[in-house]
Amino acid sequence: MAEKYDPVRQFDLHNMVDIQIGKYDISFTNSSLMMVISVAAICLFLFIGTAKKSLIPGRLQSMVEISYEFVAEMVRSTAGRDGLVFFPFIYALFMFILFANMFGLIPFFFTTTSHIIVTFVLAMMVMLMVLIVGFWKNGFGFLQVFNPTGVPLVLKIFLVTPLEIVSFISRPLSHSIRLWANMLAGHIMLKLFASFIIAMVIGLDGFLKIGAIFPAAMVLALTPLKILVAFLQAYVFAILTSVYLNDALHPGH
Amino acid sequence: MSGLNIISELLNAMSGATAPYVSMLAEQVSGQASKLAYEQEKLFAPLDPATFSSQIFWLLLSFGVLLFLLAKVLLPRLGGILEERSNRIADDIDAASRMQKKAELAGKAYEQSLGDARAKAHNVAETTRASVNAELEAEMQTADAETAIQMERAEAKIQKTRAAALANVDDIASETAKAVVEHLYTKKISITTVRKTVKTLGQSARLKTG
């Protein structure tokens, strides 16, 4: 019984289709299913939203346009006009994380972004893109990132540049762990309080069962907070990506 | 785990001599033990490296498909709609400003022509008035001149008539005086004398009456 209410069990993967290539296991799991569902939902959302191509947008088209303008404005304001080259990438990141987070909030659904490897791969994609674009656009001038102007030389050598290097290297870690930890902690909390409700209703006698209202209130309060966090983390991930890409495009601060 | 294993082994060892329910118990305990062992081996799922390969593969695949569809199909479609709208709005604004300019020009032209017409009308009125005045003046002058001539003529006629009348008065007076004198004195008197007298008398009388 206890294992059924274990708040960590929700993150377990179950193989749905076993696939093995060489020594690598690439089985289709519940996590893979949620990724595919997210991608399909995003594409459907955009496809149906733009089906009419009306000059005066309907409800769905407005939502699609708002998401477009929102991300485009974000990229433009942080990475500048030339940052718009990366708009499809950042839009895909934002929508993928947003949809994965939101779907994860539906009971019995799996949260793809609660696994560190998923967020880490996404963060590494960003990191690689920053490195490639940075060196491709600026050559070794990209190293200017570690050499901020307007800092005294001694301070720069002993403090600022080492700090910049450390912060640059730790970017994919902080980028991935931020999203992962937020989703993980929130889901554990939700599940914990939700299991308290069941435990109290089953375990307590008669009148005392009414005490279950307190964990229920907690769940009720946490759910909108989780929705906010789900959106906010997608936004933070996307805006940090555009900030990093801005570094790659314009390394001299 | 190891404790439970020891218990189950102990029970197994005892089972040879004891009742069958003991072996049943032993089986149960060992089952529990193996399950616990499985539980302890299993890592915290979100960090389990065993799942990495599958997750990386499916993430790259699904995200790659998403990125491809977005970049090649869906976002250009949406961007096209937005661009078309902004173009349309810009066009409309352009057309509106062009029309406004046109309207302003038309307004100016109207003002201009109105002013011209007003000035023209003023001119016409002025010249008409002047010409009418001149004509009037000329007519008045000719009328005056004619009147003056006619007056002069009438005056002359009156003068003549008067003179004639006055001359007749002298004649009648002389005739009358001669007849009266002849009647009173029964003696002939020459008309010339009478006339002389009448003339003198008449002159004095006229002087008196003025």
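Our structure's up above, just so we're on the same page.
Conventions used here
- Residues numbered from 1 in each chain as written.
- Chains lettered and ligands numbered in written order.
- Predicted model: local features only at pLDDT ≥ 70, side-chain atom pairs only at ≥ 80, totals over all residues.
- Heavy atoms only, no water.
- Helix = DSSP H or I, 4+ residues; strand = E, 2+ residues; numbered from the N terminus.
- Buried < 20%, exposed > 50% of the residue type's maximum accessible area, 1.4 Å probe, protein only.
- Contact = heavy atoms within 4.5 Å.
- Areas by Shrake-Rupley, 256 points an atom, 1.4 Å probe, with all protein chains shown as cover.
- Expected span 1.5 Å × (residues − 1).
- Axes fitted to C-alpha atoms, helices over the stretch in contact; angles between N-to-C directions.
- Parallel < 35°, antiparallel > 145°, perpendicular 65-115°, else oblique.
- Left-handed = near helix turned anticlockwise from the far one by under 90°.
- Buried area = accessible area lost by both parts, 1.4 Å probe.
- Salt bridge = Lys/Arg side-chain N within 4 Å of Asp/Glu carboxyl O.
- Polar contact = N/O pair within 3.5 Å; in protein donor to acceptor, adjacent residues only side chain to side chain.
- Nonpolar A, V, L, I, M, F, W, Y, C, P; charged D, E, K, R; others polar.
- Core = buried A, V, L, I, M, F, W, Y, C linked by side-chain atoms within 4.5 Å.

> Help me understand the overall build of chain B, please; the structure alone is not making it clear to me.
Per the secondary structure count, chain B includes 4 helices and 0 strands. From first element to last, N terminus to C terminus, chain B shows the α and β order α-α-α-α. A buried classification covers 15% of the 210 residues belonging to chain B. Looking at chain B alone, contacts between residues at least 24 apart form 34% of all its contacts between residues at least 6 apart. Just so you have it, chain B exposes about 16400 Å², and 62% of that area is on carbon and sulfur atoms.

> Sorry if this is basic, but what is going on with helix H2 (residues 59-79) of chain A here?
Given 3.6 residues per helical turn, the α-helix brings residues three or four places apart onto the same face. Taking 1.5 Å per residue, 21 residues should reach 30 Å; H2(A) reaches 30 Å between its end C-alpha atoms and fits that length. Three or more residues of H2(A) are buried, namely A:Gln61, A:Val64, A:Glu65, A:Ser67, A:Tyr68, A:Val71, A:Ala72, A:Met74, A:Val75, A:Thr78 and A:Ala79. In this fold, the buried residues of H2(A) make contact with helix H1 (30-49), helix H3 (87-104) and helix H7 (213-249) of chain A together with helix H3 (52-185) of chain B. At the exit of H2(A) stands A:Gly80, carrying a positive phi of roughly 80°.

> In this structure, what is going on with the packing of helix H4 (residues 116-138) of chain A against H3(B)? I would like to understand it.
Think of two packed helices as two axes; the pair is described by the angle between the axes and how far apart they sit. Across the interface, H4(A) lies against H3(B) with an axial gap of 9 Å and an inter-helix angle of 50°. Judged by the angle between their axes, H4(A) and H3(B) are oblique. As for how H4(A) packs across H3(B), the hand of that crossing is right-handed. For the pair H4(A) and H3(B), the contacting residues are A:Ile116, A:Ile117, A:Val118, A:Val121, A:Leu122 and A:Met125 in the first and B:Phe52, B:Gln55, B:Ile56, B:Leu59, B:Leu60 and B:Phe63 in the second.

> Help me understand the interface of chain A and chain B in this model?
When the parts come together, some accessible area is lost, and that loss is often what is quoted as the size of the interface. Between chain A and chain B, the residue contacts involve 49 residues of the former and 34 residues of the latter. With both sides pooled, the region where chain A packs onto chain B buries about 3800 Å², and carbon together with sulfur makes up 77% of that total. Inspection of the region where chain A meets chain B yields 1 salt bridge. Residues A:Glu65 and B:Arg85 are paired through a salt bridge, measuring 2.8 Å at the closest nitrogen-oxygen approach. Our count for the chain A to chain B interface comes out at 11 residue pairs in polar contact (both at pLDDT 80 or more). Per-element tally for the side of chain A that touches chain B: the top contributor is H1(A), with 8 residues. When grouped by side-chain class, the residues that make up the side of chain A that touches chain B number 33 nonpolar, 9 polar and 7 charged.

> For this particular structure, what's the right way to read the nonpolar core?
Note on soluble globular proteins: their nonpolar side chains tend to be buried together. Residues A:Leu46, A:Ile90, A:Phe96, A:Leu122, B:Phe63 and B:Leu66 are the most contacted members of the largest nonpolar core, which totals 71 residues. Every element with two or more residues in this core is listed here: H1, H2, H3, H4, helix H6 (171-203) and H7 of chain A together with H3 of chain B. At 13 residues, H3(A) tops the list of elements feeding residues into this core. When near neighbours in sequence (up to four residues on either side) are disregarded, B:Leu66 contacts A:Val39, A:Ile42, A:Cys43, A:Ala92 and A:Phe96.

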